[in-house]
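# Report on the structure
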Amino acid sequence: MLWIAGAGGVGREALDVAIAAGVPVAGFLDDRLAGERVRGLPVRKPGELPSGAPYLIGIADPAVRARLALLLDAAGGSPATLVHPRAIVAPETELAAGCLVMGGAHVSSSVVLGAHSQVHYNATVGHDARLGARVTVYPGANVSGAVLLHDDATVGSGAVVLQGHAVGPAAFVGAGAVVTRDVPARTTVIGAPARPMP
């Protein structure tokens, strides 16, 4: 049975995806809430993941996802991928281990999603896009075709990344921003057209 790392908002949304997809969930892994119950399920510390158990990280922060993936892999866990039955994943698209695709998302043809990436509800990812590890595409965001989102990049709610552009490692595209040029690594951009935060 699946364990979900993180019992906060994204973790509970991951549980919603699992329920819709008919995937049984054993419980949550969360240091802060260990010993409690969330949505009727037990919460354990991440180090208590049973060896060989499948897990999915339901946390938005890419840095936390990276740390937890190392910990859970070292504990003998196996990253699982969850796709909501009302999401569209087109042919010739590759989802690496640990990906989460929520309801209403549309992942188009010939897309690659790296390990532990997330496409939230009603977000779109266009044809031939490449998402690195631990990329997050928030609700309602639109990633156009042939876009490159490097490791740990985040595209905020309602933001748009126009065709062929790149968002650098650990960069953050603010909510509602429109990316019309490449975004450098570890830079937060806002506005339309998107510009680095002052």
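Residues numbered from 1 in each chain as written. Predicted model: local features only at pLDDT ≥ 70, side-chain atom pairs only at ≥ 80, totals over all residues. Heavy atoms only, no water.

Any two side chains of opposite charge can pair, given that their charged atoms come close. Using the criterion set out here, one finds two salt bridges in the structure. For the salt bridge of R39 with D16, the shortest nitrogen-to-oxygen distance reads 2.8 Å. Taken together, the positions of R39 in the loop between β3 (37-38) and β4 (41-44) and D16 in helix α1 (residues 9-21) put the pair 23 residues apart, joining distant regions of the chain. Look at R39 and you get partly exposed, because its relative accessible area is 45%. According to the relative accessible area criterion, D16 is partly exposed, its value standing at 37%. The shortest N-O distance in the salt bridge between D152 and R134 comes to 2.6 Å. Within this pair, whereas D152 is found in the loop between β18 (148-149) and β19 (154-155), its partner R134 is found in the loop between β15 (130-131) and β16 (136-137), the two being separated by 18 residues in sequence. Exposure remark for D152: the relative accessible area of 22% places this residue in the partly exposed category. Since its relative accessible area comes to 18%, R134 is described here as buried. (Salt bridge = Lys/Arg side-chain N within 4 Å of Asp/Glu carboxyl O. Helix = DSSP H or I, 4+ residues; strand = E, 2+ residues; numbered from the N terminus. Buried < 20%, exposed > 50% of the residue type's maximum accessible area, 1.4 Å probe, protein only.)

Position of R65 relative to the elements: it lies in helix α2 (residues 62-74). Buried charge R65 goes without a salt bridge, the closest partner of opposite sign being D61 at 6.8 Å. Side-chain polar atoms of R65 contact the side chain of T136, separated by 2.3 Å. (Lys, Arg positive; Asp, Glu negative; His and termini not counted. Polar contact = N/O pair within 3.5 Å; in protein donor to acceptor, adjacent residues only side chain to side chain.)

The next point concerns the side chain of D30. Checked against the element boundaries, D30 lands in the loop between β2 (25-29) and β3. An unpaired buried charge is present at D30: no salt bridge exists, and R32, the closest side chain of opposite charge, is 4.6 Å distant. Within the structure, D30 has its side chain in polar contact with the backbone nitrogen of A7 (distance 2.9 Å).

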